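Spelled out from the first residue to the last, the chains are:
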Amino acid sequence: MPVTIGSKESTFGDPLGLLSDCHRRIERFLRTLWKIIDEKGGRSLGGEYRRSLEAALKYFREAAPKHTADEEEDLFPALRGAGRAHVEQILSRIDGLENDHTRADKWHRECDEIGKRWLRDEHLCLRDTARLRTVLLLLATLYQSHIAIEEREIFPVAQTTLSDEEKAAIGRSMADRRGIAFGAERQFTAITPG
Ligand SMILES: [Fe+2]
Ligand SMILES: [Fe+2]
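Computed from a predicted model, the values in this text were never measured in an experiment.

## Some remarks on the pattern of salt bridges
Working step 1: Applying the stated criterion across every chain yields a total of 22 salt bridges.
Working step 2: Of the charged contacts, one joins Glu122 and Arg50 as a salt bridge, the two residues approaching to 2.7 Å between their closest N and O atoms. Here the residue Glu122 occupies a position in the loop between helix H4 (91-121) and helix H5 (126-161), and Arg50 occupies one in helix H2 (residues 47-82), the gap between them amounting to 72 residues.
Working step 3: Take Glu122: its relative accessible area is 28%, and that puts it in the partly exposed class.
Working step 4: Judged by relative accessible area, which is 23%, Arg50 ranks as partly exposed.
Working step 5: What emerges from the salt-bridge pattern is a single network uniting Asp70, Glu73, Asp74, Arg177 and Arg178.

## A closer look at the nonpolar core
Working step 1: Formed by 29 residues in total, the largest nonpolar core has its most connected members in Leu33, Leu53, Phe60, Trp118, Leu132 and Tyr143.
Working step 2: Contributions of two or more residues to this core are made by helix H1 (15-40), H2, H4 and H5.
Working step 3: The dominant element in this core, judged by the number of residues it contributes, is H2, at eight residues.
Working step 4: Residue contacts for Leu53: discarding those within four places in its chain leaves Leu33, Ile36, Leu45, Gly115, Trp118 and Leu119.
Working step 5: Counting residues in hydrophobic clusters, the runner-up holds 23 residues, among them Phe12, Leu75, Ala78 and Leu97.

## Things to note about the coordination of the iron ion (ligand 2)
Working step 1: Surrounding the iron ion (ligand 2) are the protein donor atoms His23 (NE2), His67 (NE2), Glu71 (OE) and Glu150 (OE), which sit 1.9 to 2.1 Å from the metal.
Working step 2: Note that the iron ion (ligand 2) binds four donor atoms; their angles at the metal cover 83 to 170°, and the shape is irregular.
Working step 3: The sequence motif formed by the donor residues of the iron ion (ligand 2) is H-x43-H-x3-E-x78-E.
Working step 4: The metal-metal distance between the iron ion (ligand 2) and the iron ion (ligand 1) is 3.1 Å, with Glu71 serving as a donor to both. Taken together, the positions of His23 in helix H1 and His67 in helix H2 put the pair 44 residues apart, joining distant regions of the chain.

## Quick look at the environment of His101
Working step 1: Tracing the sequence through the fold places His101 in helix H4.
Working step 2: The spatial distance from the C-alpha of His101 to the C-alpha of Asp176 is 21 Å, given a sequence separation of 75 residues.
Working step 3: Other than its neighbours up to four places away in sequence, His101 contacts Thr68, Glu71, Glu72, Phe76, His146 and Glu150.

## Quick look at the packing of aromatic side chains
Working step 1: Enumeration over the complete set of coordinates arrives at three aromatic pairs.
Working step 2: Their ring planes at 15° and their centres at 4.6 Å tell us that Phe29 and Tyr59 sit as a pair that is stacked. Of this pair, Phe29 sits in helix H1 while Tyr59 is found in helix H2, placing the two residues 30 residues apart along the sequence.
Working step 3: Taking the relative accessible area as the measure of exposure, Tyr59 reaches 4% and is therefore buried.

Definitions and cut-offs
Residues numbered from 1 in each chain as written. Chains lettered and ligands numbered in written order. Predicted model: local features only at pLDDT ≥ 70, side-chain atom pairs only at ≥ 80, totals over all residues. Heavy atoms only, no water. Salt bridge = Lys/Arg side-chain N within 4 Å of Asp/Glu carboxyl O. Helix = DSSP H or I, 4+ residues; strand = E, 2+ residues; numbered from the N terminus. Buried < 20%, exposed > 50% of the residue type's maximum accessible area, 1.4 Å probe, protein only. Core = buried A, V, L, I, M, F, W, Y, C linked by side-chain atoms within 4.5 Å. Contact = heavy atoms within 4.5 Å. Donors = N, O, S within 2.8 Å, 3.2 Å for Na, K, Ca; no water. Tetrahedral: all angles 85-135°; square planar, octahedral: opposite > 155°, others 65-115°. Phe/Tyr/Trp six-rings, centres within 6.5 Å; stacked < 30°, edge-to-face > 60°.

Structure below.
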């Protein structure tokens with residue numbers, strides 16, 4: 001069950017496009033985890049399932065936190081600092097999104113712990129199997145509304161409100177976070193996303 005990474009990717013020159021690309025990866029890896037628990041139900045993992053589980057856990061452990069940092073350390077502060085009329089209406093939304101990040105982070109850590117046990121022991125006990133299903137459902141529900149708010153309310157305001165210089169600064173910081181030279185037009189790959 002290979003994990004497929006989309007072929008169309010934005011560059012750091014379009015940080016808001018890049019953040020949306022990251023959402024597609026979050027959705028894809030969540031679907032991967034759900035498919036594994038749904039099809040294997042805590043039983044022994046074959047080679048393909050094991051590789052898919054390892055890849056999804058690695059993504060949420062190492063890459064997805066960079067996406068959260070892109071928003072909490074770059075995009076949200078830029079919007080809060082903009083002080084422009086139509087930004088004011090989305091500030092309370094941003095507070096809610098940061099709360100979501102905290103809740104998601106806790107569930108991702110739990111998912112990672114259970115997933116590692118699965119990889120180590122080759123099977124999951126009934127309790128872990130049930131809990132993994134619950135946590136994945138909680139994450140899927142959270143991300144559904146979270147991503148919708150970001151893409152329908154926050155990113156469009158950022159796109160029209162922030163100046164080209166402000167957006168470039170966000171893109172530069174996102175590239176720095178991943179150790180990639182800004183302006184090299186190097187695209188995200190499956191190895192270095194967030
Ligand atoms: Fe977010
Ligand atoms: Fe996001």
